[in-house]
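Commentary on secondary and tertiary structure
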Amino acid sequence: MELHRKRFGQRLDHEERTRKREARQVHKRSEFAQKVRGLKAKLYNKKRFSEKVQMKKTIKEHQEKKNKTTTKDVAPGAVPQYLLDRKNISRAKILSNMIKQKRKEKAGKWNVPLPKVRPIAEAEMFRVLRTGKTKRKQWKRMVTKVTFVGENFTRKPPKFERFIRPSGLRFKKAHITHPELNSTFYLDILSVKKNPQSSMYTSLGVITKGTIIEVNVSELGLVTQTGKVIWGKYAQVTNNPENDGCINGVLLV
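These notes cover the structure that comes with them. Note that the structure is a prediction, hence the values are computed from the model and not measured. (Residues numbered from 1 in each chain as written. Predicted model: local features only at pLDDT ≥ 70, side-chain atom pairs only at ≥ 80, totals over all residues. Heavy atoms only, no water.)

Let's talk about unusual backbone geometry
Heads up, the rule is: Only runs of H or I of at least four residues qualify as helices and only runs of E of at least two qualify as strands under DSSP, and these elements are numbered from the N terminus. Working definition: with a 1.4 Å probe on protein chains only, accessible area under 20% of the residue-type maximum means buried, over 50% means exposed, and in between means partly exposed.
Positive phi is not limited to glycine here, since Lys-135 has a value of about 55°. Structurally, Lys-135 is set in the loop between strand 3 (126-131) and strand 4 (137-143). According to the relative accessible area criterion, Lys-135 is partly exposed, its value standing at 47%. A positive phi angle is found at Asn-182, which is not glycine, with a value near 55°.

Encoded structure:
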């Protein structure tokens, strides 16, 4: 899709069509809510309720963000005459860290140790596998880079598996350095968050230099401001894992 868009562009009325589609979505949602019955209706209404609650909370926080509140505590000492009629005003910024973090995740932007990486060609990333009785079919690809797959991963049947991730190049742990503690930990990988090369490589779980991965930091004893234990945190891979035989990275603090 992205490649096609780059090559041939979009329709001239693409934005208008998108806007109209989004406008129609409200009516479609309403129609579905009126028609749906039974358990599906309960689940749908519960989902919509939670969405509305979240939306109202966000709107409220945005409204409170620019509130002006007066502070009663005045610093000891004489105040100049031209400041006597003024009140001490402090702007209350109530947007929580969680919402800021979610925004960062959505934008896919972090302050990372390696902001730029070398682009990898598709020929370097994949090796063409010839299949069939006469070895004429060339639709299969073997990933030549380090990958991560989940705990309950099972391969598809050979006739349906287009991308093959060799078990010898599958990694489950990474050496992650904490920049403030200046110490390295051997942590479990939870997921591949973003591969800078392509979104397809992200979905395949390919780990190359500059990839953002999520690691399990529960052993480090990191806690949030409210006192909850942090389970997962992002880290950036700083080496070429396929060359070194291990994954090295820096924790994004």
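Notes on the nonpolar core
For clarity, the cut-off: For this analysis, a nonpolar core means a set of buried residues of the types Ala, Val, Leu, Ile, Met, Phe, Trp, Tyr and Cys, connected via side-chain atoms within 4.5 Å. Only heavy atoms enter the contact rule, under which two residues are in contact if any of them lie within 4.5 Å.
Counting residues in each nonpolar core, the largest one holds 18 residues, and the members touching the most others are Ile-176, Ile-189, Ile-207, Ile-213, Val-215, Val-217 and Ile-247. Of all the secondary structure elements, the ones that give two or more residues to this core are strand 7 (173-178), strand 8 (183-194), strand 10 (212-216) and strand 11 (232-237). Looking at which element gives the most residues to this core, the answer is strand 8, with 3 residues. Ignoring any residue separated from it by four or fewer positions in sequence, one finds Ile-176 in contact with Ser-183, Thr-184, Phe-185, Leu-187, Ile-213, Val-215, Ala-235, Gly-249, Val-250 and Leu-251. Ranked by size, the runner-up nonpolar core spans 8 residues in total, among them Met-125, Phe-126, Tyr-201 and Val-206.

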